[in-house]
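So the chains spell out like this:
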Amino acid sequence: MTYEFLQHYWCFIVALLGALLVFLLFVQGANSVAHSLGWTEEGRRLVYNSTGRKWEFTFTTLVTFGGAFFASFPLFYSTSFGGAYWLWMLILFTFVLQAVSYEFQNKIGNILGPRTFQFFLTLNGIMGPLLLGAAVATFFEGSNFIVEKDNLIDSTSFTPVISRWANASHGLDALLNPWVLVFGFAVVFLARVLGILYVINNVDDEDIRSRGSVRLLGAAIPFVILFVAYLVHLLLKDGYAYTDEGLIYMQPYKYLSNLLEMPYLLVFLIFGIVSVLWGIGIELFRKDESGKGIWYAGAGTIVTVLCLLLCSAWNHTAYYPSTADLQSSLTLANSCSSEFTLRTMFYVSLLVPFVLAYIIYAWRAIDAKKLTKEEIRDDHAY
């Protein structure tokens, strides 16, 4: 295990967590359309109780994603989480609202009323995927930060901060980039597609299922348009590359070159996109396989996002570009932990398959029986 191998290995692990997080945003996606899926109060409770069984998975994955980034690439963590903190604070705030809303919307003594907390769930369902998608888009579009490692050895500096944001927006300026918004809204509609597919699979209610098919088409069309538009933009744009000496430079068609020079990523990317479209298609046009679309679309989402994230970092690519100072851009080589840390964590990561096995077991146990109206009348229901 060379140092370079460990850098690429941990990049893969972090990218995989990011891909799983995007898939698990089906919770937010379903909540954002809960009022149209469940036309009645009882129908809305069915949707919220369906997603309520899984919201902890999404939140835990988000925290694990941040923790893995902190341990393996601490300079990214300090630069992005410390510099673009308004963006990340908004993301965390919407997820905290989600957790509170699930627990209190139907509790005795709720003076705000269920509709207030249901509004918060809808807000999280829109803003959560949008802001997370915007954060991911900055891996390709760049962010406005400056890294000054010389501050660590500057004896005149009383606060040796090596990275800082170049303006006062602290991350919110990313939302001014139209392509960041295109990708962000693509994630919003993808989350809706996955959420609708999951509810169709998980809820035993014919009215919700019939509404789901109509809402699915309404979410799938803008998703496909936005995703294709951003993918074409990505493949044609200049990318951030670096030399063996660490010099950052702009390379025409960098991300297209990455896919052509790493054909296995291209093959998996195509497979992932086709799988997502297949999952949508069988739900719309093959009613005999109703409910199975979430598994095709979910697997395709994980594979597609994984390939895109790896394309942003592998093959001598700066995965967190700086638009304020090109040489401040972060790469696998200049932002990772020490070889000892990465090697130690590698052995710990061998336990991950056991954790995944437990998650799969718990998931199957929770979804062994489809949700019915009788269950939401229980005192423990959301």
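Our structure's up above, just so we're on the same page.
Residues numbered from 1 in each chain as written. Predicted model: local features only at pLDDT ≥ 70, side-chain atom pairs only at ≥ 80, totals over all residues. Heavy atoms only, no water.

Looking only at helices and strands, one finds 16 helices and 4 strands in the protein chain. For 382 residues, the compact-globule estimate of 2.2 N^0.38 gives 21 Å, and the C-alpha radius of gyration of the protein chain, at 21 Å, lies within 12% of that figure. Projected onto its principal axes, the C-alpha coordinates of the protein chain cover approximately 65 × 45 × 40 Å. With 382 residues in all, the protein chain has 54% of them scored as buried. Sequence-distant contacts in the protein chain: of pairs separated by 6 or more residues, those separated by 24 or more amount to 75%. Carbon and sulfur atoms make up 70% of the accessible area of the protein chain, which totals about 17,400 Å². Within the protein chain, one finds 23 positive and 28 negative side-chain charges whose respective centroids are separated by 10 Å. (Helix = DSSP H or I, 4+ residues; strand = E, 2+ residues; numbered from the N terminus. Rg over C-alpha atoms; globule rule 2.2 N^0.38 Å. Buried < 20%, exposed > 50% of the residue type's maximum accessible area, 1.4 Å probe, protein only. Contact = heavy atoms within 4.5 Å. Areas by Shrake-Rupley, 256 points an atom, 1.4 Å probe, with all protein chains shown as cover. Lys, Arg positive; Asp, Glu negative; His and termini not counted. Charge placed at Lys NZ, Arg CZ, Asp CG, Glu CD.)

All right, on to the packing of aromatic side chains then. Each aromatic ring pair is described using two quantities: the centre-to-centre distance and the angle formed by the ring planes. The tally for this structure, following the rule as stated, stands at 37 aromatic pairs. The ring of W363 carries K54 above its face, with NZ or CZ at 4.7 Å from the centroid. (Phe/Tyr/Trp six-rings, centres within 6.5 Å; stacked < 30°, edge-to-face > 60°. Lys NZ or Arg CZ within 6 Å of the ring centre and 35° of its normal.)

Attention shifts here to the nonpolar core. Ranked by internal contacts, the top residues of the largest apolar core, which has 109 residues, are F73 and Y319. For this core, the element with the most residues is helix α9 (residues 178-202), which contributes 14 residues. Residues contacting F73, with those up to four places away along its chain left out, are Q7, W10, C11, A68, Y319, L332, S335, C336 and S337. (Core = buried A, V, L, I, M, F, W, Y, C linked by side-chain atoms within 4.5 Å.)

Viewed as axis vectors pointing N to C, helix α5 (residues 55-72) and helix α6 (residues 74-83) meet at an angle of 125 degrees, and their least axial separation amounts to 5 Å. As the angle between them shows, α5 and α6 are arranged oblique. Contact residues: α5 offers G66, F69, F70, A71 and S72, while α6 offers P74, F76, Y77 and F81. Partitioning the contact of α5 with α6 into residue classes produces 7 nonpolar, 2 polar and no charged. (Axes fitted to C-alpha atoms, helices over the stretch in contact; angles between N-to-C directions. Parallel < 35°, antiparallel > 145°, perpendicular 65-115°, else oblique. Nonpolar A, V, L, I, M, F, W, Y, C, P; charged D, E, K, R; others polar.)

Let us now look at the pairing of strand β4 (residues 248-251). Pairing geometry for strand β3 (residues 239-242) and β4, over 4 bridges, is antiparallel. Bridge pairing in β4 links Y240 to M250. The antiparallel hairpin formed by β3 and β4 contains 5 residues in its connecting segment, where G246 sits at a positive phi of about 95 degrees. (Pairing = 2+ DSSP bridges.)

Under the definition given, this model contains 2 salt bridges. Close ionic contact of D207 with R211 constitutes a salt bridge, the shortest N to O distance being 3.4 Å. Here R211 and D207 lie together in helix α10 (residues 206-236), a separation of 4 residues that amounts to about one turn. By relative accessible area, D207 is classed as partly exposed at 40%. With a shortest N-O distance of 2.8 Å, E339 and R343 are connected by a salt bridge. Here E339 and its partner R343 are both found in helix α15 (residues 339-349), 4 residues apart, which amounts to about one turn of the helix. According to the relative accessible area criterion, E339 is partly exposed, its value standing at 33%. (Salt bridge = Lys/Arg side-chain N within 4 Å of Asp/Glu carboxyl O.)

This part takes up a nonpolar patch on the surface. Taken together, Y85, W86, M89, L90, L92 and L172 make up a surface patch of nonpolar side chains, about 540 Å² in accessible area. Looking at where L172 falls in the secondary structure, it is placed in the loop between β2 (163-165) and α9. For L172, a relative accessible area of 33% corresponds to the partly exposed category. (Patch = residues over 30% accessible without salt bridge, like charges linked within 9 Å, V, L, I, M, F, W, Y side chains within 5 Å.)

The next thing to look at is the packing of helix α12 (residues 263-285) against helix α13 (residues 293-311). For the pair α12 and α13, the least separation of the axes is 7 Å and the interaxial angle reads 155 degrees. Relative to α13, the element α12 lies roughly antiparallel. Where α12 crosses over α13, the handedness of that crossing is left-handed. For the pair formed by α12 and α13, the contact residues are L265, F268, L269, F271, G272, I273, S275, V276, W278, G279, I282 and E283 on the first element and G293, Y296, A297, G300, T301, V303, T304, C307, L308, L310 and C311 on the second. Taken together, the residues of the contact of α12 with α13 break down into 15 nonpolar, 7 polar and 1 charged. (Left-handed = near helix turned anticlockwise from the far one by under 90°.)

To continue, consider α5. Residue pairs three or four apart in sequence face the same way in an α-helix, which turns once every 3.6 residues. Between its terminal C-alpha atoms α5 stretches 26 Å, which fits the 26 Å expected from 18 residues at 1.5 Å a residue. When we look at burial in α5, the residues that qualify are W55, F57, T58, T61, L62, F65, G66, A68, F69 and S72. Seen along its axis, α5 keeps its buried residues to an arc of 165 degrees; they face one direction. (Expected span 1.5 Å × (residues − 1). Arc of directions from axis to C-beta.)

Not every positive phi belongs to a glycine, and N315 is a case in point at roughly 60 degrees. By secondary structure assignment, the location of N315 is in the loop between α13 and α14 (332-335). Notably, H316 is not glycine yet its phi reads approximately 55 degrees, a positive angle. By relative accessible area, which is 28% here, H316 ends up partly exposed.

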